[in-house]
Structure formats: structure tokens, C-alpha cells
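If you want the building blocks of each chain, they are given just below.
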Amino acid sequence: MCYKAYGSGKEDSPLCDVPGFENCRMKLLRHVSFVDCPGHDILMATMLNGAAIMDGALLLIAANESCPQPQTSEHLAAVEIMRLQHIIILQNKVDLIQENVAINQHEAIQKFIQGTVADGAPVIPVSAQLKYNIDVLMRIRGGVAGGSILKGVLKVNQFIEVRPGIVVKDESGNIKCTPIYSRIVSLFAEQNELQFAVPGGLIGVGTTMDPTLTRADRLVGQVLGEVGSLPEVFVELEVNFFLLRRLLGVRTKGTERQGKVTKLAKAEILMLNIGSMSTGARVVAVKNDLAKLQLTSPVCTSKGEKIALSRRVEKHWRLIGWGQIQAGITLDVPPCPI
Ligand SMILES: Nc1nc2c(ncn2[C@@H]2O[C@H](COP(=O)(O)OP(=O)(O)OP(=O)(O)O)[C@@H](O)[C@H]2O)c(=O)[nH]1
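Before going into details, it helps to say that this report is about the structure given with it. (Residues numbered from 1 in each chain as written. Predicted model: local features only at pLDDT ≥ 70, side-chain atom pairs only at ≥ 80, totals over all residues. Heavy atoms only, no water.)

### Notes on the overall build of the protein chain
In terms of regular secondary structure, the protein chain is built from five helices and 17 strands. Burial statistics for the protein chain: of 338 residues in total, 36% are counted as buried. In the protein chain, the share of contacts with a sequence separation of at least 24, taken over all contacts with a separation of at least 6, comes to 63%. Total accessible area on the protein chain stands at roughly 21,400 Å², and carbon and sulfur atoms take up 53% of it. (Helix = DSSP H or I, 4+ residues; strand = E, 2+ residues; numbered from the N terminus. Buried < 20%, exposed > 50% of the residue type's maximum accessible area, 1.4 Å probe, protein only. Contact = heavy atoms within 4.5 Å. Areas by Shrake-Rupley, 256 points an atom, 1.4 Å probe, with all protein chains shown as cover.)

As C-alpha cells, then:
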């Protein structure tokens with residue numbers, strides 16, 4: 001799936017301009033409204049009223065003045081009070097200054113926002129009057145997924161899916177998942193832009209996904225890979241397990257037995273770590289070293305994978321053992337629509 005921003009004059013379902021999809025129509029998902037806030041200090045209350053309904057802010061800084069100006073500090077304070085977390089800083093009027101002045105001011109801006117809610121926000125040099133870089137601003141960036149590659153190669157322009165994707169419960173309480181389909185638009189390791197990425201280290205995967213999907217760690221523990229290559233999505237696992245004799249890292253006095261790990265009990269709740277996914281699980285059956293575990297959230301994994309088992313002991317999740325997936329119940333995943 002890909003996303004594009006158009007002015008409100010555009011038809012609701014324009015034709016897609018991605019090569020290969022020219023005959024597909026796009027679907028209108030969201031309207032974005034811009035509210036102009038007065039910069040002058042006597043109009044601060046008006047600015048605050050406006051900020052109360054906003055999801056994000058563009059903070060304009062004039063490039064031909066020193067930074068910070070008193071009103072800029074005040075506006076940034078308002079952004080903090082209103083807890084706006086999506087901020088883009090625009091260094092405007094760059095047409096009026098030399099490049100070295102712009103670079104010096106960029107550094108001053110970085111110093112100014114350090115430790116504030118705007119720390120790490122992109123600073124884009126623009127000229128509103130000459131429309132310089134306005135296209136960069138208008139290009140809504142897709143979501144970025146971060147993680148490590150377990151096997152294979154990821155390439156720019158590759159079509160990918162994320163599993164389990166969007167998980168919902170239907171009216172009867174049954175879990176349903178819909179994988180997210182997308183395309184890789186960029187790959188990063190540290191600050192380096194890559195054309196392809198291989199296992200080892202942390203990779204940032206820029207995608208065409210709606211950024212609200214990747215925000216606030218919503219996709220943590222999900223698995224990303226080439227369309228059609230990912231393992232199944234499980235809602236129940238059958239594992240053969242091994243329990244530790246004692247809890248690790250717990251001090252026990254004398255011959256006290258507090259630290260002993262007791263057997264798994266039917267209906268007890270455990271926490272499982274499977275790959276990078278943590279999920280709760282209810283023990284539905286135990287026989288010798290085999291246990292059936294009903295998962296609180298579905299997990300994309302495969303038979304043979306190792307899992308860590310934790311139990312809540314005195315308000316903390318403590319490692320009590322590990323296991324290996326033998327079998328399980330999988331969800332029917334709807335086929336890729338493309
Ligand atoms: N040279 C140059 N002038 C600009 C640019 N952007 C805005 N201006 C000028 O700056 C002046 C102020 O612009 P406004 O858009 O009224 O600024 P504002 O921040 O909305 O001002 P308030 O409404 O008082 O908050 C105008 O004369 C604009 O023409 C730019 O990129 N380059």
C-alpha cells in the first residue's frame with residue numbers, strides 16, 4: 001500500500017502513479033487541516049486555543065533573525081504544554097541569507113531544541129516565498145520499521161508484508177489478523193542509506209505504510225518480510241518445555257525454598273518471549289514436559305522456534321524456563337490483495 005498527499009481540490013479517488021499500478025484508484029483516508037497560529041505575543045491565548053485541537057505542529061523560525069526569538073521560545077513551550085509530539089521545524093526565508101548563516105542558525109536551532117519535546121525533530125530549510133523545499137514538507141513520510149534481519153535480504157522497492165499486522169476481535173471474541181502490505185522506500189543502518197540489507201545489526205526500513213501504524217511501537221514484535229515468505233500466525237502453541245529449578249537472580253536465605261520454580265499449573269498466566277514479541281499466555285494443558293499455551297496476542301513464528309517462559313513472582317516477571325514450539329493452532333491469514 002502507498003500513501004500520497006493531495007490538495008483538497010483533488011478528486012477523492014485519483015489514479016495511482018506508482019509504475020505497475022496505473023490502473024488502480026487511490027482511496028481517500030484522511031483529511032489534514034492546517035491552522036495558522038499568530039506569532040505575536042499578544043495573541044498567545046489564540047495560539048493556545050488552536051493548539052488544543054492539533055495533532056502536530058510546524059514551528060517556523062525566520063532564518064534572517066537570531067534563534068531563539070522570545071516568541072519562538074514561547075511557542076515551543078506551548079507545544080510542550082499541549083503535548084504535541086509530531087513537530088517539524090521550518091527554517092524559513094533562506095532566500096535572504098548566505099549558506100554559512102543558514103548552517104550556523106541550524107546549529108543554534110539544534111541547541112535550542114535540545115532536551116525539549118522538539119529534540120530530534122527534522123529541521124527543513126525552506127523559502128515559503130520562492131516555494132523552495134515546500135515539496136519536501138508536503139511529502140508525507142511513510143512509517144519506519146526498525147529491527148534486525150534474521151535471514152535473507154531486504155531491498156529498496158521490494159514489496160513486503162508485516163505479520164500478524166492489524167489484529168482485531170470480532171463480535172464473538174475471535175481474533176482476526178490482517179497483514180500489512182507495503183513497499184520498502186529506503187533502508188538505513190546507523191546514518192548510512194543502503195540499497196539492500198543483510199542480517200546483522202539494527203536496520204531502519206522506510207516504508208509506504210501509514211506512519212500512524214509504526215508510531216509508538218505499535219508494531220513491536222511483528223515480523224516483516226517479502227510478501228508470501230513469512231511464517232504462520234499462531235494463537236495457540238504446543239511447546240515442550242524445561243523449567244529452571246530455582247529462580248535466577250533471587251536471593252534466598254539459608255535453606256529457604258522461596259526461590260524454587262514450581263510446576264506449570266493449568267490456567268495460570270505466563271509471559272512468553274518469542275523472537276522480539278512478548279505476549280501473555282494461558283496454560284490450557286500440561287502433560288509431562290509438554291504444555292499447550294493459549295496466546296493473548298497472535299504471534300508470527302514457526303515450529304522449532306525457542307521461547308522463553310516467565311512467571312509473575314512478587315510483582316515481577318521472572319524467567320522460569322524455556323521451550324521449543326512443536327505445533328499449534330494458526331490463524332487463517334487473508335491472501336495478499338495485490
Ligand atoms: N524573503 C522572504 N520573505 C518571506 C518568506 N516567507 C514569508 N516572508 C515575508 O515575511 C512577512 C511575514 O509573513 P507572514 O506570512 O505574514 O508571517 P506570519 O508568521 O504569519 O506573521 P504573523 O501573522 O504576525 O504571525 C511577509 O512580508 C512575507 O512576504 C520567505 O520565504 N522569504
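### Observations regarding a nonpolar patch on the surface
On the surface, V32, F34, L58 and L60 cluster together into a nonpolar patch covering about 400 Å² of accessible area. Relative to the helices and strands, F34 is located in the segment before helix 1 (44-51). Residue class for F34 comes out exposed when judged on its relative accessible area of 58%. (Patch = residues over 30% accessible without salt bridge, like charges linked within 9 Å, V, L, I, M, F, W, Y side chains within 5 Å. Salt bridge = Lys/Arg side-chain N within 4 Å of Asp/Glu carboxyl O.)

### Re the state of the cysteines
The final tally for this structure, using the stated rule, is zero disulfides. Not engaged in a disulfide, the cysteine C177 finds its nearest cysteine sulfur in C300; these two sulfurs lie 8.8 Å apart. Residue classification places C177 among the buried positions, given a relative accessible area of 3%. (Disulfide = S-S within 2.5 Å.)

### A short note on the pattern of salt bridges
Scanning all chains against the criterion turns up three salt bridges. Its salt-bridge partner being R25, residue E11 comes within 3.7 Å of it at the nearest N-O pair. Of this pair, E11 sits in the segment before helix 1 while R25 sits in the segment before helix 1, and the two are 14 residues apart along the sequence. On the accessibility criterion, E11 (49% relative accessible area) is partly exposed. Relative accessible area serves as the criterion here: at 53%, R25 is assigned to the exposed category. In this structure, the salt-bridge partner of E161 is R163, at a minimum N-O distance of 2.9 Å.

### As for the sheet that holds strand 3 (residues 123-125)
Overall, parallel pairing links the three strands, which are arranged 1-2-3 in an open sheet. One side of each edge strand has no neighbouring strand; the edge strands of this open sheet are strand 1 (56-62) and strand 3. Strand-to-strand twist of the sheet, defined as the mean angle between neighbouring strand axes without regard to direction, takes the value 25 degrees. Bridging between strand 1 and strand 2 (residues 86-92) involves seven bridges; their strand directions are parallel. Paired with L60 across the bridge in strand 2 is L90. Across the sheet, helix 2 (residues 70-81) touches strand 1 and strand 2, and the angle it forms with strand 1 is around 170 degrees. (Pairing = 2+ DSSP bridges. Axes fitted to C-alpha atoms, helices over the stretch in contact; angles between N-to-C directions.)

### So, unusual backbone geometry
With an omega of 5 degrees, the peptide bond running from C67 to P68 counts as cis. Within the secondary structure layout, P68 lies in the loop between strand 1 and helix 2. The amide bond that connects R163 to the next residue, P164, takes the cis arrangement and shows omega of 0 degrees. Following the sequence through the fold, P164 ends up in strand 6 (residues 159-169). Even without being glycine, N133 reaches a positive phi, approximately 70 degrees. Counting through the fold element by element, N133 comes out in the loop between strand 3 and helix 4 (134-138). By relative accessible area, which is 18% here, N133 ends up buried.

### Comments concerning the environment of T330
Take T330: it is sitting in strand 17 (residues 316-330). The spatial distance from the C-alpha of T330 to the C-alpha of V235 is 5.8 Å, given a sequence separation of 95 residues. Discounting chain neighbours no more than four positions away, the residues touching T330 are E232, V233 and F234.

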